[in-house]
Amino acid sequence: MCWISPSVAGPIPGVNITAPQTLDPPAGAEIVPQGQPVSLIIQNATTNGERPLWLQVQLGGDPSFSVLLHHADRISPGDGGPTTYRIPETLAAAYTYYWRARALDGANTGPYSEPASFKVVEPVVFDAPVPLEPVGNITTITPVFKLRNG
């Protein structure tokens, strides 16, 4: 008899699910606010079971995930490779975020991936410089330019 229903209570002996991998953003990445919302790229898990897998993603405010900022469940894996999941919220700048994923089949749960962290950085804004010298008519062919940062 073959059970493939995801609603069957489990776990089922002998079924193994590998941990997915956090691919992007990689550990230690810095993201500018214009790069939001952030997309997470996950290398899919594998299983020796017959049930289809889905992914769960957690976004935490600390490495132990005791402060859970976002959780997504039942993400369909990308066909034949990585899965892209876009966080629906814009993340605040000047904070470090931690993320991880795991795969499930309804009866069995795989381990979480190794967590990765990224920081949303404050954008650097450069104003146009203000010319100070020379002003007016120039009487030399080698002027000295003076500017004030904007």
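For the structure, see preceding data.
One structure accompanies this document, and this report is about it. Note that the structure is predicted; figures quoted are calculated from it, not measured.

1. Quick look at the environment of Leu 69
Part 1 of the reasoning: With respect to the secondary-structure elements, Leu 69 resides in strand β5 (residues 68-75).
Part 2 of the reasoning: Distance in space between the C-alpha atoms of Leu 69 and Thr 139 is 63 Å, their sequence separation being 70 residues.
Part 3 of the reasoning: What Leu 69 contacts, discounting residues up to four positions off in sequence, is Leu 59, Gly 60, Gly 61 and Tyr 97.

2. Observations regarding the sheet that holds strand β1 (residues 21-24)
Part 1 of the reasoning: The strand order across the open sheet built from 3 strands is β1-β3-β6, with neighbouring strands paired in antiparallel fashion. Of all strands in the sheet, those bounded by a partner on one side alone are β1 and β6 (82-86). Neighbour to neighbour, the strand axes of the sheet diverge by 35° on average, direction disregarded.
Part 2 of the reasoning: For β1 and strand β3 (residues 39-43), the ladder comprises 3 bridges, and the chain directions are antiparallel. Following the sheet pairing, Thr 22 is matched in β3 by Ile 42.

3. Structural notes on the pairing of strand β7 (residues 95-104)
Part 1 of the reasoning: When you tally the buried positions in β7, you get 7 out of 10 residues, the bulk of the element.
Part 2 of the reasoning: Pairing of strand β4 (residues 54-60) with β7 involves 7 bridges; the strand directions are antiparallel. Across the sheet, the residue bridging to Leu 59 is Trp 99, located in β7.
Part 3 of the reasoning: Two strands pair when backbone bridges link them, and β7 and strand β8 (residues 116-120) are joined in this way by 5 bridges, in the antiparallel orientation. Bridge pairing links Trp 99 to Ala 116 in β8.

4. Looking at the packing of aromatic side chains
Part 1 of the reasoning: With the rule as written, the count across this model stands at 1 aromatic pair.
Part 2 of the reasoning: The cationic tip of Arg 100 hangs over the ring face of Phe 65; the distance from NZ or CZ to the ring centre is 4.1 Å.
Part 3 of the reasoning: Positioned above the aromatic ring of Tyr 112 is the side chain of Arg 100, whose terminal nitrogen or guanidinium carbon lies 3.8 Å from the ring centre.

5. What about the nonpolar core?
Part 1 of the reasoning: Formed by 24 residues in total, the largest nonpolar core has its most connected members in Leu 40, Val 57, Leu 91 and Phe 118.
Part 2 of the reasoning: Breaking this core down by element, the ones donating at least two residues are β2 (29-31), β3, β4, β5, β7 and β8.
Part 3 of the reasoning: A per-element tally of this core places β7 first, with 4 residues.
Part 4 of the reasoning: The residues contacting Val 57, other than those within four sequence positions of it, are Leu 40, Ile 42, His 70, His 71, Ala 72, Ile 75, Tyr 85, Arg 100 and Ala 101.

6. What about the sheet that holds β5?
Part 1 of the reasoning: One open sheet holds the 5 strands; their spatial order is β2-β8-β7-β4-β5, and the pairing between them is mixed. Two strands lie at the open edges of the sheet, namely β2 and β5, each paired on one side alone. Taken over all neighbouring pairs, the strand axes of this sheet differ in orientation by 25° on average, direction set aside.

7. Regarding unusual backbone geometry
Part 1 of the reasoning: That bond from Asp 24 to Pro 25 is cis: its omega, 5°, falls within 30 degrees of zero.
Part 2 of the reasoning: Position of Pro 25 relative to the elements: it lies in the loop between β1 and β2.
Part 3 of the reasoning: Its identity as a non-glycine residue notwithstanding, Phe 65 has a phi of 60°, on the positive side.
Part 4 of the reasoning: By secondary structure assignment, the location of Phe 65 is in the loop between β4 and β5.
Part 5 of the reasoning: One non-glycine residue, Arg 74, lies in positive phi territory at about 60°.

Scoring rules and cut-offs
Note that residues are indexed from 1 along each chain, following the sequence as it is written. Residues qualify for local features only when their pLDDT is at least 70, as the model is predicted, and side-chain atom pairs are given and counted only at 80 or more; totals for whole chains, interfaces and linings, by contrast, use all residues. Derived side-chain values reflect all non-hydrogen atoms in the structure, with water molecules and hydrogen atoms excluded from consideration. Strands are runs of DSSP state E lasting at least two residues, helices are runs of H or I lasting at least four, and both sets are numbered from the N terminus onward. By definition, residues are in contact when any of their heavy atoms lie within 4.5 Å. When DSSP locates at least two bridges between a pair of strands, those strands are taken to pair. Only the contacting stretch of a helix is used when fitting its axis, a line to C-alpha atoms as for every element, and angles between N-to-C directions run 0 to 180 degrees. Each residue gets one of three labels from its accessible area relative to the maximum for its type: buried under 20%, exposed over 50%, partly exposed in between, using a 1.4 Å probe on protein chains only. Aromatic contacts are taken between Phe, Tyr and Trp rings whose centres are within 6.5 Å, Trp giving its six-membered ring; a plane angle under 30 degrees counts as stacked, one over 60 as edge-to-face, and the others as tilted. Only when the NZ atom of a Lys or the CZ atom of an Arg is both within 6 Å of the ring centre and within 35 degrees of the ring normal do we say a charge sits over the ring. Residues enter a nonpolar core if they are buried and are Ala, Val, Leu, Ile, Met, Phe, Trp, Tyr or Cys, with the set joined through side-chain atoms within 4.5 Å.

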